[in-house]
Amino acid sequence: MELAGNLALGFAVAFSAENLAYCFGGVALGTLIGVLPGIGPLTTIGLLFPLTFYLPPLPSLIMLSGIYYGAQYGGAITSILLNLPGETASAVTCLDGYPMARQGRGGAALAVSALSSFLAGCIGTLLIALAGPPLGEWALAFGPAEYFSLMLMGLVGSAVLTQGDAVKGLAMVVVGLLIGLVGTDVNSGMARYAFDVPELVDGIGFTVIAVGLFAVAEIVTNLERREPQAVFTGPIVGLMPGARDLARSFFPALRGTGVGAFFGLLPGTGPALSSFAAYMLEKKLARDPARFGKGAIEGVAAPEAANNAAAQASFIPTLTLGIPGTAVMTLMLGAMVMQGVTPGPQVMTANPALFWGIVASMWIGNLMLLVLNLPLVGVWVRLLRVPYRWLFPCIVMFCAIGNYSVNNNSVDVYLCAAVGVLGYVFAKLECEPAPLLLGYVLGPLMEEHLRRAMLLSRGDPSVFFTRPISLAFMLATLLVLVIMLKGLRLGVERRA
């Protein structure tokens with residue numbers, strides 16, 4: 001009964017005219033972003049982040065959420081029609097979606113991808129509604145020591161589970177922590193790491209870091225790549241799949257939803273890994289694995305369900321524990337903090353309309369996406385013909401305007417450009433930027449909980465190991481580090 005009442009509250013809030021408008025705007029923009037290669041949800045949310053300063057918390061979070069899971073829908077369109085994933089998570093859809101389009105079954109592939117994503121989105125939303133309150137009640141037992149240990153585990157886990165070298169991931173976390181410490185100390189009022197620059201006394205803004213690290217750096221990286229020359233523009237007919245296609249895709253979509261939900265709960269994985277895992281699972285379970293890569297409908301349904309379920313499930317640790325598992329969730333966490341909303345279990349108790357409004361808007365947004373995607377396929381195909389060299393000047397302009405509008409300070413624009421250069425260097429060094437952003441967001445919170453825990457224990461550091469929940473998080477962090485060191489040793493032995 002309590003769950004029904006909470007859902008009723010959420011739908012009452014989400015069905016307001018303002019929230020419906022922002023939900024529709026978010027999912028429509030997310031679909032557009034998923035269609036356009038080179039501009040992902042991370043870049044878009046970073047660009048639109050300054051807009052959240054002028055919006056109420058709930059509409060802004062509904063819009064940003066819609067952009068994220070809407071991009072999972074849009075990425076399938078380019079994968080199926082052009083063999084070009086608009087989103088990383090949709091790359092595996094190319095393997096069977098594009099052959100289906102070449103065979104004249106592009107309409108069926110597009111419809112199955114939309115239906116699978118809708119099914120996964122509904123189940124993912126239900127999972128948030130069911131798993132959110134128990135996690136929140138469990139987290140109410142947390143004190144400063146538990147929060148510090150949990151954040152430490154999240155930072156170490158995100159660094160180790162990220163793609164590439166784990167040592168580089170830890171180094172990026174440290175860099176993010178150091179950047180987060182720039183500014184005025186809350187307790188003493190002294191400026192830290194400001195180097196006598198007045199503009200740094202208030203710290204480096206989240207918008208500067210997010211836009212520079214992802215948007216500006218991504219633009220420079222994309223300009224190095226050659227634009228695709230071959231484009232499949234055959235007719236898109238038969239949008240409704242047949243009964244045989246629906247029967248073949250139903251259970252793969254369910255399995256993909258389960259795989260995506262599992263990976264969505266884990267830090268550092270995200271929709272991309274879940275879609276690849278779902279595809280490999282279907283190929284392993286198939287009676288005729290040779291069909292895959294030649295137009296198997298299961299190869300479209302499973303990964304599309306998986307990436308959408310992972311996108312939805314990733315909201316669970318972010319909203320209930322305040323620990324983001326992906327870079328996009330880190331941006332969402334930053335948006336909540338900037339709006340004055342403290343992420344964690346208190347969100348459900350102190351602001352239930354916000355939490356349940358977001359949950360209800362996800363179901364509404366998935367329904368909007370199902371209705372929106374199929375009729376507008378022709379529009380998305382036309383947009384794909386716009387060269388990227390015409391798009392990036394507009395993106396750079398919005399980056400500059402967005403950063404300047406936050407504080408009306410031109411220094412933020414220069415800092416954003418400098419961070420963009422730094423992000424480009426990190427990309428060349430194959431260093432993932434997401435751990436840096438996570439360290440930047442969680443660094444000040446970790447410092448606050450560390451100081452509070454030490455104050456309550458009168459300077460005794462054993463408080464992190466004498467409290468059971470905190471001890472469990474510390475042991476998990478140590479286990480992750482041991483696994484990382486073992487992997488590094490094996491890598492060194494192989495190279496030797």
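About the thresholds
- Residues numbered from 1 in each chain as written.
- Predicted model: local features only at pLDDT ≥ 70, side-chain atom pairs only at ≥ 80, totals over all residues.
- Heavy atoms only, no water.
- Helix = DSSP H or I, 4+ residues; strand = E, 2+ residues; numbered from the N terminus.
- Buried < 20%, exposed > 50% of the residue type's maximum accessible area, 1.4 Å probe, protein only.
- Contact = heavy atoms within 4.5 Å.
- Areas by Shrake-Rupley, 256 points an atom, 1.4 Å probe, with all protein chains shown as cover.
- Polar contact = N/O pair within 3.5 Å; in protein donor to acceptor, adjacent residues only side chain to side chain.
- Core = buried A, V, L, I, M, F, W, Y, C linked by side-chain atoms within 4.5 Å.
- pLDDT = per-residue confidence, 0-100.
- Patch = residues over 30% accessible without salt bridge, like charges linked within 9 Å, V, L, I, M, F, W, Y side chains within 5 Å.
- Salt bridge = Lys/Arg side-chain N within 4 Å of Asp/Glu carboxyl O.
- Phe/Tyr/Trp six-rings, centres within 6.5 Å; stacked < 30°, edge-to-face > 60°.

1. Things to note about the overall build of the protein
Along its length, the protein carries 22 helices and 2 strands. Considering the protein as a whole, with its 496 residues, one finds that 53% of them fall into the buried category. Within the protein, contacts between residues at least 6 apart in sequence are counted, and of these 80% link residues at least 24 apart. On the protein, roughly 21,500 Å² of surface is accessible, and the fraction owed to carbon and sulfur atoms is 68%.

2. Looking at the side chain of Thr93
Take Thr93: it is sitting in the loop between helix 4 (57–82) and helix 5 (94–102). A relative accessible area of 0% places Thr93 in the buried class. There is a polar contact of 2.6 Å between the side chain of Thr93 and the side chain of Glu304.

3. Considering the nonpolar core
The biggest cluster of nonpolar side chains holds 93 residues, and the ones touching the most others in it are Phe206, Ile209, Phe315 and Phe355. The leading source of residues in this core is helix 16 (residues 352–373), at 11 residues. Discounting chain neighbours no more than four positions away, the residues touching Ile209 are Ile179, Ile204, Val419, Leu436, Leu437 and Tyr440. Counting 16 residues, the second-largest nonpolar core is a separate cluster that includes Val112, Ala120, Ala301 and Ala305.

4. Section: the confidence of the model for the protein
Mean pLDDT over the protein stands at 77; residues scoring 70 or higher make up 82%. The lowest-confidence element of the protein is helix 17 (residues 377–383), averaging 58 in pLDDT; the highest-confidence one is helix 21 (residues 463–466), averaging 90. Counted against residues more than four places away or in other chains, residues 228–233, with its pLDDT under 50, gives 8 contacts.

5. Things to note about a nonpolar patch on the surface
The grouping of Val174, Leu178, Tyr193, Phe195 and Val197 at the surface amounts to a nonpolar patch, some 510 Å² of accessible area in total. Within the secondary structure, Leu178 is located in helix 8 (residues 166–180). Residue class for Leu178 comes out partly exposed when judged on its relative accessible area of 45%.

6. Some details on unusual backbone geometry
For Tyr193, which is not a glycine, the phi torsion comes out positive at approximately 55°. Examined against the element boundaries, Tyr193 turns out to sit in the loop between strand 2 (191–192) and helix 9 (206–223). Its identity is not glycine, yet Arg458 carries a phi of approximately 60°, on the positive side. Residue position: Arg458 is located in the loop between helix 20 (434–456) and helix 21. Residue classification places Arg458 among the exposed residues on the basis of a relative accessible area of 82%.

7. Examining helix 3 (residues 41–48)
Within helix 3, 7 of the 8 residues are buried, leaving the element largely enclosed by the surrounding structure. Of the positions making up helix 3, those classed as buried are Pro41, Leu42, Thr43, Thr44, Ile45, Gly46 and Leu47.

8. A short note on helix 5
One turn of an α-helix holds 3.6 residues; hence residues three or four places apart share an orientation. A large share of helix 5 lies buried, amounting to 7 of its 9 residues. For helix 5, the full list of buried residues reads Cys94, Asp96, Gly97, Tyr98, Pro99, Met100 and Ala101. Immediately beyond the C-terminal end of helix 5, within one or two residues, lies Gly104, with a positive phi of roughly 85°.

9. Digging into the environment of Pro99
Its location among the elements puts Pro99 in helix 5. On a C-alpha basis, the gap between Pro99 and Gly295 in space is 4.9 Å, while along the polypeptide they are 196 residues apart. Sequence-distant contacts of Pro99, that is, excluding residues within four places in its chain, are made with Cys94, Gly293, Lys294 and Gly295.

10. Describing the pattern of salt bridges
The final tally for this structure, using the stated rule, is 6 salt bridges. Taking the shortest distance from any N to any O, the salt bridge between Arg291 and Glu298 comes out at 3.1 Å. In this structure, Glu448 engages Arg452 in a salt bridge whose closest nitrogen and oxygen atoms are separated by 2.5 Å. Placement of both Glu448 and Arg452 in helix 20 is noted, with a separation of 4 residues, approximately one turn of the helix. Residue class for Glu448 comes out partly exposed when judged on its relative accessible area of 38%. Sharing partners across several salt bridges, the network here consists of Arg192, Glu447 and Arg451.

11. Observations regarding the environment of Leu213
Residue position: Leu213 is located in helix 9. Among all residues touching Leu213, those that are not within four sequence positions of it are Val208, Val419, Gly423, Phe426, Pro433 and Leu436.

12. Section: the side chain of Asn366
Turning to its location among the elements, Asn366 is positioned in helix 16. Accessibility expressed as a relative area gives 0% for Asn366, which makes it buried. A distance of 2.7 Å separates the side chain of Asn366 from the backbone oxygen of Met362, its partner in a polar contact. Here Asn366 is in contact with Tyr69, Tyr73, Ser117, Phe118, Gly121, Thr125, Asn308 and Gln312, once residues within four sequence places are set aside.

13. Observations regarding the packing of aromatic side chains
Counted by the stated rule, this structure contains 6 aromatic pairs. Considering the side-chain rings of Phe148 and Phe464, the 5.1 Å spacing of their centres and the 50° angle between planes classify their relative orientation as tilted. Of the two residues, Phe148 is situated in helix 7 (residues 144–161) and Phe464 in helix 21; the sequence distance between them amounts to 316 residues. What makes Phe148 buried here is its relative accessible area of 12%. Taking 5.2 Å as the distance between ring centres and 75° as the angle between the ring planes, the aromatic pair formed by Phe250 and Phe251 counts as edge-to-face. Grouped by ring-pair contacts, the aromatic residues Phe11, Phe15 and Trp363 constitute a single cluster.

14. Quick notes on the environment of Leu281
Structurally, Leu281 can be placed in helix 11 (residues 270–285). According to the relative accessible area criterion, Leu281 is partly exposed, its value standing at 30%. Distance in space between the C-alpha atoms of Leu281 and Arg255 is 8.6 Å, their sequence separation being 26 residues.

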